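# A look at the structure
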Amino acid sequence: MGEPHSFSRRDFFRLAGGGIVVCVGGAALAAPGAPRYPAEVDAYLAIGADGRVTVFSGKIEMGQGVMTSLAQMAAEELGVELQSIDMVMGDTDRCPWDMGTFGSMSTRFFGPALRAAAAEARVVLTDLAARRLAVPRERLTVHAGIVSVSGDPRRQVSYGQLARGARLMRRVDAAAVLRAAADFEVMGRSATRLDAHGKVTGGALYAADIRRPGQLYARILRPPVHRAQLRSVDTSAAAAMDGVTVVRRDDLVAVLHADPQRAAAALAALRAEWQQPGEAGPDPDSIFAQLQGAPLTMAASAQRGDAVAARTRAARVFESTYHKGYVAHAPIEPHAALAEVAGGRVTVWASTQTPFPTRERIAQALALAPERVRVITPFLGGGFGGKSADRQAVEAARLAQISGRPVQVAWERSEEFFYDRFDPAAVVTLVTGLDRAGRVTFWDFAGYGAGERGTAHVYDIPDLRIRLAGGMAYEQAAAPQQLHPFEVGPWRAPGANMNVFAIESQMDLMAAAAGVDPLEFRLQHLRDARMRRVLETAAQAFGWRSAAAPSRRGVGVACASDAGSYVAACAQVAVDETQGTVRVLRVVCAEDLGIAVNPEGARMQIEGGITMGLGYALSEELQFRGGDILDRSFASYHLPRFSDVPHIEAILVRNDELAPQGGGEPPITITGAVLANAIFDATGARQTRLPMTAARVRAAIAARGV
């Protein structure tokens, strides 16, 4: 992921513009289970003479709302109003190193680091105020950036006054004392998003909006299929066009023009011959056999008791296989970047979730030292894990270096689909058993392609085995490119959507076989008080009525833990058994994410996760033939439409004893499962493959009872 670089005292004042700069060392910011931030400086804040506070963060804002929630955390611990916070995010020259924005880690890992920095900054500022006011620090109170003497509020000094004329840096390494939830004034309140006005009025800038003097627009020659090799290219017609620059350097063939439409016309004038891959390759149906037949080593992820021996003792054994195809990230904003070379340095404005690793990749491609590359991340129009590789940023930087002009690379939708690192296809086989009393006695899980996330369920099962092959850390004997016909990567809650779909479908299957209400069946196997509370909260709000499935009401339930949060949902669907179409009527989702920094923002994340989850659950599946991507636009790749979105009720289960956890990804992990269980309740037909298209639902209905 790249290495951090240290900052000098001069660097701090140059970036912060003077005033008071507070640095916090790595020891003070380490959160349990969190990735280690660099020891040189993990987070810092600057207080200016006008009293405004600048927070510098390597995280980026891509619609999830962390610009606002991180500002709330800093404001709370500093004792200032939210409106006085300015956020600088994702700028590798101005912000402390960060590995990237993904995995719901901004709030649960960087959040505690930022709160610690702000709490220590508050100590530094009150110490300065104590000297200015000639009173012990214990006699001071802070509110809205004003430090005053208790009992004598006329004796006061503002943070701005303390910073005025100052050129002071403080580094603190002590453990911070954070404010208790009962004392919160900024956190825990539904603040208006700091990026709302710009996004509503059109003032917010994305990478494709950036303009530099003399910039050129690039269009790049792309292969027709993955792994095709360029045999020859005739660029003469394009080179003869007025104002067109043709670039051919190693594997990069591009045309540049000051007008993007003329650049597109020049690209169309290129005549290329390609050598296609020899083998035909898999398709959406044959890929599963390829995954299971790949030379992979099954690695044990978890084991308790002896699941193999327990199988022989079970009264009833259930064997199931679950499948999921490839899913595209399909962000509204395609990848874009603008690169400029000046003064021996390269500046790249890029739509990226990983500014610092992207800096390293650009530096390597251009044979430059990393400190000579600056990556600036404007707003992102969605990422979902798909804006981490940043091919377009490297392309723009290479073309800017070659041409000596600022160059923008903005992918069209067809390029976005072609070069997407798709959520991988996956297979899960589950063998489970019940005793004569209807309790689950063993659990034997084998996953191919999805990885580990979401496999560690919370059910109380005595004998358990979880084995994995492929995905994340489990690509042991075969490289990812040998498993898949194109590149794959993380997709919102990577792997958990598939794994939870299999787990919660299997629990539902056993509940139905035992003749027990699916909610009651889960509660019978749950000793975790936190999960029970979340599950019961969702059921109560939904108005759940006990009945064994299939009850023909079309209701389902599912729960999971992810990113430190616990989540449960109940859903109701209507199924046209003749057509196989599924209409989702209602979803109630309850989530315990610890302290809700911005409750309305957290509810928005629940609603967004469920809405996005409708796609992988019901309609999104990449069509391909070997390395040929057949879906190149939204005309064939079907995202959920507004008309598909049901009534969603998002409930936050209060838990102020727990630090803020991840909120955006957990709800999406259970969407496929809760809808599959609701479809079974409506029809008696079990769904074992995602997405649950009308054709697959119709086929399952036709096959029930056979």
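Refer to the structure above for everything that follows.
Read on for an overview of the structure. (Residues numbered from 1 in each chain as written. Predicted model: local features only at pLDDT ≥ 70, side-chain atom pairs only at ≥ 80, totals over all residues. Heavy atoms only, no water.)

This part is about the overall build of the protein. When you go through the protein residue by residue, the secondary structure sums to 21 helices and 29 strands. For the protein, the C-alpha radius of gyration of 27 Å lies close to 27 Å, the compact-globule estimate for 706 residues. Considered along the principal axes of its C-alpha atoms, the protein spans approximately 80 × 80 × 45 Å. Taken over 706 residues, the protein has a buried fraction of 58%. (Helix = DSSP H or I, 4+ residues; strand = E, 2+ residues; numbered from the N terminus. Rg over C-alpha atoms; globule rule 2.2 N^0.38 Å. Buried < 20%, exposed > 50% of the residue type's maximum accessible area, 1.4 Å probe, protein only.)

With that settled, consider the sheet that holds strand S15 (residues 316-324). Read across the sheet, six strands follow the order S14-S22-S21-S20-S15-S29 without closing on themselves; strand pairing throughout is mixed. The sheet terminates laterally at strand S14 (299-304) and strand S29 (689-690), the two strands that pair on one side only. Note that S15 and strand S20 (residues 426-434) share nine bridges and pair antiparallel. When the sheet's bridge partners are listed, His-323 is paired in S20 with Val-427. Contacts from helix H15 (residues 496-514) reach S15, S20, strand S21 (440-448) and S29 within the one sheet, and its direction differs from that of S15 by about 145°. (Pairing = 2+ DSSP bridges. Contact = heavy atoms within 4.5 Å. Axes fitted to C-alpha atoms, helices over the stretch in contact; angles between N-to-C directions.)

This part is about the pattern of salt bridges. The full count for this structure, using the stated rule, is 43 salt bridges. In this structure, Arg-193 and Glu-61 form a salt bridge, with 3.4 Å as the shortest nitrogen-oxygen distance. Of this pair, Arg-193 sits in the loop between strand S8 (167-172) and helix H6 (196-201) while Glu-61 sits in the loop between strand S3 (53-57) and helix H3 (66-78), and the two are 132 residues apart along the sequence. By relative accessible area, Arg-193 is classed as partly exposed at 22%. Classification of Glu-61 as buried rests on a relative accessible area of 3%. Its salt-bridge partner being Glu-665, residue Arg-453 comes within 2.9 Å of it at the nearest N-O pair. Residue Arg-453 is found in the loop between S21 and strand S22 (463-469), and its partner Glu-665 is found in the loop between strand S28 (647-652) and helix H19 (666-669); the two are separated by 212 residues along the sequence. Three or more residues joined by partner-sharing salt bridges are found here, namely Glu-61, Arg-193, Asp-195 and Lys-199. (Salt bridge = Lys/Arg side-chain N within 4 Å of Asp/Glu carboxyl O.)

Moving on to helix H8 (residues 260-269). Every buried residue of H8 is listed here: Ala-263, Ala-266, Leu-267 and Ala-269. Considered in projection along H8, the buried side chains sweep an arc of 155° and stay on one side of the axis. Pointing more than 90 degrees away from the buried face of H8 are the exposed residues Gln-261 and Ala-268. Contacts from the buried residues of H8 go to strand S9 (216-220), strand S10 (229-234), helix H7 (236-239), strand S12 (252-257) and strand S13 (271-275). (Arc of directions from axis to C-beta.)

Further remarks concern the sheet that holds strand S25 (residues 582-592). With mixed pairing, four strands are arranged side by side in an open sheet as S23-S24-S25-S28. Strands at the two margins of the open sheet, each flanked by one partner only, are strand S23 (555-562) and S28. Sheet twist, expressed as the mean angle between neighbouring strand axes with direction ignored, is 15°. Where S23 meets strand S24 (residues 565-575), eight bridges bridge the pair, whose relative direction is antiparallel. Paired with Ala-560 across the bridge in S24 is Val-567.

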